[in-house]
Structures are given as structure tokens and as C-alpha cells.
Amino acid sequence: MPHWRLAGTVPLAALALTAAVADALHQNSPGAVRVTHGVAVPQPVTHSWGFQVPFSSTEDLAHTGNSSRQIFLFGLFDYDCQNPTPGPALSCPAVPPPAVTQVTTGPGNPDNPSIGGAGNVITFDADGAYAGGTGPGVGHRQIFLKDLSTSQVTRVTDAPDGDSTRPSLTYSGGLLVFESTAPLLGGRTGISQIFFYLVKSLTLLQVTNGAGPSTLPSVRKLGKMVAFESTAALLGDGHDTGVSQIFWYDRGKAQLHQLTGGDGPSHHPVVTPHSRLAPALGKAGHGPAIFFDSAAHDLPGASGGTGTQIYLGPAGAGDLPPIVRLMPTPVEGCTPSAGDTSYPAPDAAAHHLAFLATTDLLCNGTTGNRLFVLDLRATPTRLLQLTGRGDVQGPISAAVGLWFVALSTTDDLTGTGVCGHQLHVVDYYAGRWPAATSAGQAPAEPPAANPVASCDDGDPCTTDSCNPVSGCQHAPITGCP
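If you're wondering where the values come from, they're calculated on a predicted model, not measured in any experiment.

Asker: Can you explain the environment of Gly 116? Please cite residues and give values.
Answerer: Mapped onto the elements, Gly 116 comes out in the loop between strand S6 (111-115) and strand S7 (121-127). Residues Gly 116 and His 47 lie 69 residues apart in sequence; the distance between their C-alpha atoms is 9.2 Å. Residues in contact with Gly 116, not counting those within four places in the same chain, are Trp 49, Val 121, Leu 169, Thr 170 and Tyr 171.

Asker: Can you explain the pattern of salt bridges? Please cite residues and give values.
Answerer: Two side chains of opposite charge can pair, provided their charged atoms sit close to one another. Taken as a whole and assessed by the stated rule, the structure comprises 5 salt bridges. Between Asp 125 and Arg 141 there is a salt bridge; the shortest N-O distance is 2.7 Å. Taken together, the residues span a long stretch of sequence, with Asp 125 in strand S7 and Arg 141 in strand S8 (residues 141-147) at a distance of 16 residues. Residue Glu 179 is joined to Arg 166 by a salt bridge in which the shortest nitrogen-to-oxygen separation is 3.6 Å. Here Glu 179, found in strand S11 (residues 175-180), pairs with Arg 166, found in strand S10 (residues 164-169); they are 13 residues apart in sequence, far enough to count as distant. For Glu 179, a relative accessible area of 5% gives the class buried. By relative accessible area, Arg 166 is classed as partly exposed at 28%.

Asker: Got a sec to walk through the packing of aromatic side chains? Specific residues and values, please.
Answerer: Under the definition given, this model contains 13 aromatic pairs. Here Trp 49 and Tyr 171 contribute two aromatic rings whose centre-to-centre distance is 6.1 Å and whose plane-to-plane angle is 75°, an arrangement assigned as edge-to-face. In this pair, Trp 49 is assigned in the loop between strand S2 (32-34) and strand S3 (52-57) and Tyr 171 in the loop between S10 and S11, connecting sequence segments 122 residues apart. Each ring, one from Phe 124 and one from Tyr 130, has its centre 5.4 Å from the other, and the planes form 90°; the classification is edge-to-face. This pair shows no difference in class: Phe 124 is buried, exactly as Tyr 130 is. Here the aromatic cluster, defined as three or more aromatic residues joined through ring pairs, consists of Phe 124, Tyr 130 and Phe 144. The ring centre of Tyr 171 lies 4.5 Å from the NZ or CZ of Lys 221, which sits over that ring. Here the basic side chain of Arg 251 rests over the ring of Phe 196, its NZ or CZ set 5.9 Å away from the ring centre.

What counts, and at which threshold
Residues numbered from 1 in each chain as written. Predicted model: local features only at pLDDT ≥ 70, side-chain atom pairs only at ≥ 80, totals over all residues. Heavy atoms only, no water. Helix = DSSP H or I, 4+ residues; strand = E, 2+ residues; numbered from the N terminus. Contact = heavy atoms within 4.5 Å. Salt bridge = Lys/Arg side-chain N within 4 Å of Asp/Glu carboxyl O. Buried < 20%, exposed > 50% of the residue type's maximum accessible area, 1.4 Å probe, protein only. Phe/Tyr/Trp six-rings, centres within 6.5 Å; stacked < 30°, edge-to-face > 60°. Lys NZ or Arg CZ within 6 Å of the ring centre and 35° of its normal.

Read these as geometric descriptors, not functional statements.
Quick look at the structure:
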């Protein structure tokens, strides 16, 4: 089990990793790490960078007596220093910091964290009462920034008439995007809109003002563009169409673009540096692109598939450009069953695309919501199935380096027991994880252990049990001192 700690500041030695250290992580880290235990923990819907995995939990992970929702950080480098395995020597401090640190305390139920690439700035949303807040902003969700090297907290919003949620930082931490139902700059009230916040200049910019909600912003690494989904006709009169489409905003040119206009909803956009999978698009396919999933059947240039499938759209071909359907990808000797693919999660360099699927993409008989990775560098692309049991809950994140995926799953990936959806990190670098790669092959996961084994809270005065939905339960023993 990882070591835990409540931290006002996070040791800077653990924040920045050189390329050499990053490569060594693959040889020192196990194939899978279970990060959390206790109550069920989802993967945040926000986007992060670097080798820190932020998340929120109501579990007392730092043994502080906490019983409310707080933000935590899992550091892969710190985990390796706490749990050395054979491999190249890492430059660990004499007293390695714990693998999991608690970032927030007090009231406000902080949630939806995002951390920058340097690991020293984190953003999240919380009730206005967080960090001693008072006044009319209390009772509504607000956006906060915290400098982990100084513990300084900055309140980005303090609106009394709406909720600001789901912030995501750029790699440098100098810009964040978020959504808000508050009229922060005088727009509509009660309808979610997309905003930018420039950290250094304290400048707030509004991207949308439609009559339908705009949600789930995903920002490019340097902050030059943001993609999001919206049911509003943002390039028209702004009315609510009732069907979610993908849009993106060019911050340098202050221009809004529409990527999809299909007959079904499109969701979960993620900005990627380039569209290497769209050579047929010519120059338009050389720039940044957007992964998303969609139930539409009439996207330009893409043959409509059954159910929800993953697509790629270029950002260099104007509005409503030709779209490339990525799933289901062909696998020799396999004709996949009907099902969905969703929650695309490319790594920072767009070398790999992690995603979820209910369809049997490798014809191995596994079922449920499972984790796959598409190797975008291979010609043709190569498919890897990482999980074959349990249920993986979207979203997922591939932002931890280039070969790691953070996911919340009921699958016992470590063979030590798991209760409910718990956060895990999988390293699928060659030889690190027994992924399936060919038709009929299933992932060679370790045998599952007793779920209750992961629920031991170390308290002799509680009876530990596992609820598959809510996670571990700890019932007090009557009469126990």
C-alpha cells in the first residue's frame, strides 16, 4: 500500500523529472499500482500534465481524521522511491516523500483537480467557504489555484449567482479554462459557459454565451486553443439545439470554430498536437486536432458506425471539416461485436490513444467497459487491450508520461484485492504490463484477490467489509474500547 501524508507543501525535488528519470520509471515501477482504497474514487474529468495524478476522495488517506472530500496527489516517482524494485538507480532523497499527499483541508468539498506539468500549481473547484471564504459566494462552487511550493491559495471566482467548475491548466500552469453558470462577465445566468483565466495578468475571458450549455473544456498544452462540447448554435443565433456538438476556440485569433454538426451527440473532446491519423486530409491534417466520441452517423468524410465511436477532427480545415473515424480499428482475424468506444485520452505527444470499449475489439470473449490503447506511431496502428475484467469508469487519463494510464476500475490489477472503483496507474511500456495484442488473446492479468483484503483500515475496533458500489465499509464493533 502506498505511504500517505498531509502536505501543506510538496517537496520540489519530486516535482520535476528529467527525461532520464522518466525513462527509468518504466524499469522501476510495477506494471500496475493501486493508488486508492476505501470509498470509490473516480478519475477527474479535468486534464492534467506530468507525472502527478490528482484526484479527490472522502477517505482519510493521510490519517488526519479527515471525513470530507479533499484533493490528493499521487506521485509515480515518489511511489518508486518508497517501493524500490530492481532497475536503474533513481536519485531518491534520503527520506523519500510519501507517494500520496493531501493538498487541501477544511470545508468546501474540493473536487475536479488539475495540475500543471511542473507539478507546482494545482487548480480545483470548491464551495465558496473553502479557504475561509465568506459572503454571497458561499454556497456556490468557485475556482481556486494553489501554489504547492508556497501553499498560497488564489480565489479565481467568487460569484454569488452560479457555479464555476471543472478547471484545467495548461502545461506551464499560466492559463486555465473552466465552465461556469454564473454571469462572470455579464453574460447569461444559469447556463454553463466556457471561460479562460490568465494567471499572471489576473485576466478573465469569456468564450461562449449560448442558450445551451457549453461544458468539458480541454486546453492545448500551451493554451493556444480549447475544445469543448455545447448544445448551443454558437456560430448562429446561439439557441439550444438539444444536441451536443464539438467546438474549438483559437485564442490567438480570437476565433470560434465548429468541428461537428452531426445527427447525434458528440462528447469528450481532447485537443492533441497533430492529426497523424489523417494523412488523406493533406496540409489540414498536419496541425492540432481533436479526439472525441460521437453517436452521429453523418459526420463528413466518416462512414457512420453503430453506437458511439471515437473520431478525430482536424483544426486546420475550417468549420465542419472532414472527420476520421478511428473505431473499431481492424484487427487481423477478428470481426468485432457491436458496442461502443468512448472517452478518448491521448498522451501529451499523441503517440498513444487510450480509450474505453464495450465492444470485443480482439474477439477474446471479454465483456464490460474495458481499457484499450491504440499505438498511433505504428503503421498500421497497433491495438492493445489492457483490462479484461471488472468495469472501468470513464473518464481516463493518459497524461502521466507517454506509457501510463490512470483509471478508476473494479478490476484487481495488482492482485492485492480491490473494492469498488479505485484509482490505478498502469504502465504498458513493452514488457511492463501483459496486454493483449492479437485476436483471441486476453490480457494476462494477475489473479484477483479477496476484495475485503483491500479494506483493512488498521483499526481493531471496526469490522471491515466491501460494498462493490460504494467501496469499503468500516462498522464500529460494539463495546470495543
